[in-house]
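# A structural walkthrough
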Amino acid sequence: MIIVSEECVSSILSEEDGFTAVEAVFAAMARGDAYNFPVIREAIGYADALYGFKSGFDKAGLSLGLKSGGYWPGNAQKGIPNHQSTVFLFNPDTGQLSAIVGGNYLTAIRTAASSSVSIKHLARPDSKVLGMIGAGHQSHFQVRAAVKQGNFEHVVAWNLHPEMLGALEKTVTGLGLTFESVEREELAARSDVIITITSCDEPLLMKEWIRPGTHLACMGTDTMGKMEVDPNLVAAATVFTDEVAQSISIGEAQHAVAGGLLAESAITPIGDVINGAQAGRVSQDQITLFDGTGVGLQDLAVATAVARKAEEQGLAQSASL
């Protein structure tokens, strides 16, 4: 087997690699060529940590494996990321362990890739203003991936802790865009595309604030009880997702569905749009919403791509059990 270290992953994995892998696996999921296994995610009763496993098999991309990891909220004070994960890949022909891949940078890239896939397929082509709700570690990856899929010129941003916005501004201006810190209602009124990437459990954006034609990528809700936007906004939008089963149980749509505001049948897998089986945006005034819950197949697809790249470049370590 090979080992691809966290350092190696961060040196060779690009936004383009992540986008290509994630778009392809979403399409494979919609065709029935790839499927996720049930997610295990538990509070371990220690260090306030959440820990779990995501796994699946992509017959088209020949990715089989699991991601093990979780969220340790105290890690920031220790100078390490709160999210910690490792991906294990297996040979689908033999079941043998084929690769161990560092999963922290990979997770950030694949999460940003999924929102950028949604921007490519659902946002208005003339979108110029990107709104960012959240300014944590992941927000920087989100911005870098998003600008590759549109002609954005300006970023408006809000964060619960405004002192964190300075670092995001540096990332944005480094990309050649202008930056402005605004309140949430103004952000909603001015944005063509909005990305939410927080760990909140209450709505940060209300239905009446959102202007016609906006595309929202809701990326922070991945656990039962979390919430980033008004359930009435979810119900008013045309909703797309990575996986419907996760969208209605742990994603942003969970509250609208539970409240009877949105039918499960009204949620479209974005893979169907990629494959041309379902329409994406059908009008300039339509509000579209992508519920990015984060599926194991994303991790496996990107890990498979980076493992191949590391092996081809002679950067992977070899080991045996």
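For the structure given in this document, a descriptive report is provided here. (Residues numbered from 1 in each chain as written. Predicted model: local features only at pLDDT ≥ 70, side-chain atom pairs only at ≥ 80, totals over all residues. Heavy atoms only, no water.)

### Describing the overall build of the chain
- Across its full length, the chain carries 11 helices and 18 strands.
- Against the 2.2 N^0.38 benchmark of 20 Å for 321 residues, the chain shows a C-alpha radius of gyration of 19 Å, consistent with a compact globule.
- Over its C-alpha atoms, taken along the principal directions, the chain stretches across nearly 55 × 40 × 40 Å.
- The buried share of the chain, taken over its 321 residues, is 54%.
- Put simply, 69% of the contacts in the chain that link residues at least 6 apart link residues at least 24 apart.
- Looking at the chain as shown, the accessible area adds up to about 13,600 Å², and 52% of this sits on carbon and sulfur atoms.
- Mean positive and mean negative side-chain charge positions of the chain (21 and 36 charges, respectively) differ by 3 Å. (Helix = DSSP H or I, 4+ residues; strand = E, 2+ residues; numbered from the N terminus. Rg over C-alpha atoms; globule rule 2.2 N^0.38 Å. Buried < 20%, exposed > 50% of the residue type's maximum accessible area, 1.4 Å probe, protein only. Contact = heavy atoms within 4.5 Å. Areas by Shrake-Rupley, 256 points an atom, 1.4 Å probe, with all protein chains shown as cover. Lys, Arg positive; Asp, Glu negative; His and termini not counted. Charge placed at Lys NZ, Arg CZ, Asp CG, Glu CD.)

### Some thoughts on the pattern of salt bridges
- Overall, the coordinates contain 14 salt bridges when judged by the stated rule.
- Of the charged contacts in the structure, one is a salt bridge between Lys309 and Asp17, with a shortest N-O distance of 2.7 Å. Pair noted here: Lys309 is in helix α11 (residues 296-312) and Asp17 is in helix α2 (residues 15-31), with a separation of 292 residues, a long-range link.
- Here Lys67 ties to Asp299 by a salt bridge, and the two come within 3.1 Å at their closest N and O atoms. Taken together, the residues Lys67 in strand β5 (residues 63-71) and Asp299 in helix α11 connect sequence positions 232 residues apart. Note on accessibility: Lys67 and Asp299 belong to one class, buried.
- Each of Arg124, Asp126, Asp192 and Arg211 takes part in a single network of salt bridges with overlapping partners. (Salt bridge = Lys/Arg side-chain N within 4 Å of Asp/Glu carboxyl O.)

### Focus on the side chain of Glu23
- Note on placement: Glu23 falls in helix α2.
- Of the polar contacts made by the side chain of Glu23, one reaches the side chain of His121; its length is 2.8 Å.
- Excluding its chain neighbours within four sequence positions, the residues that come into contact with Glu23 are Val117, Lys120, His121 and Ile274. (Polar contact = N/O pair within 3.5 Å; in protein donor to acceptor, adjacent residues only side chain to side chain.)

### Quick word on the packing of helix α4 (residues 137-146) against helix α5 (residues 165-174)
- One can describe the packing of α4 onto α5 by two numbers: an axis separation of 10 Å at closest approach and a directional angle of 20°. As judged from the angle between their axes, α4 and α5 are roughly parallel. As for the relative orientation of α4 and α5, their crossing is right-handed in sense. Here Ser139, His140, Val143 and Arg144 of α4 come into contact with α5, specifically with Ala167, Leu168, Thr171 and Val172. (Axes fitted to C-alpha atoms, helices over the stretch in contact; angles between N-to-C directions. Parallel < 35°, antiparallel > 145°, perpendicular 65-115°, else oblique. Left-handed = near helix turned anticlockwise from the far one by under 90°.)

### Concerning the nonpolar core
- Ranked by size, the top nonpolar core spans 61 residues in total, and within it Phe26, Val101, Leu106, Leu130 and Met132 carry the most contacts.
- Ignoring sequence-local partners within four residues, the contact set of Leu106 consists of Glu6, Val9, Leu13, Val87, Val101, Asp299, Val302, Ala303 and Val306.
- With 27 residues, the next largest nonpolar core counts Ile194, Leu205, Val229 and Leu233 among its residues. (Core = buried A, V, L, I, M, F, W, Y, C linked by side-chain atoms within 4.5 Å.)

### Remarks on the sheet that holds strand β11 (residues 193-196)
- Ordered by their spatial adjacency, eight strands build an open sheet running β10-β9-β8-β11-β13-β17-β15-β16, and the pairing between neighbours is parallel. Looking at the sheet topology across the chains shown, the edges are occupied by β10 (178-181) and β16 (268-269).
- Pairing analysis gives four bridges linking strand β8 (residues 129-133) to β11, with the strands arranged parallel. Bridge assignment links Leu130 to a residue of β11, and that residue is Val193.
- On top of the sheet, α4 reaches β8 and β11; it is set at about 165° to β8, its chief contact. (Pairing = 2+ DSSP bridges.)

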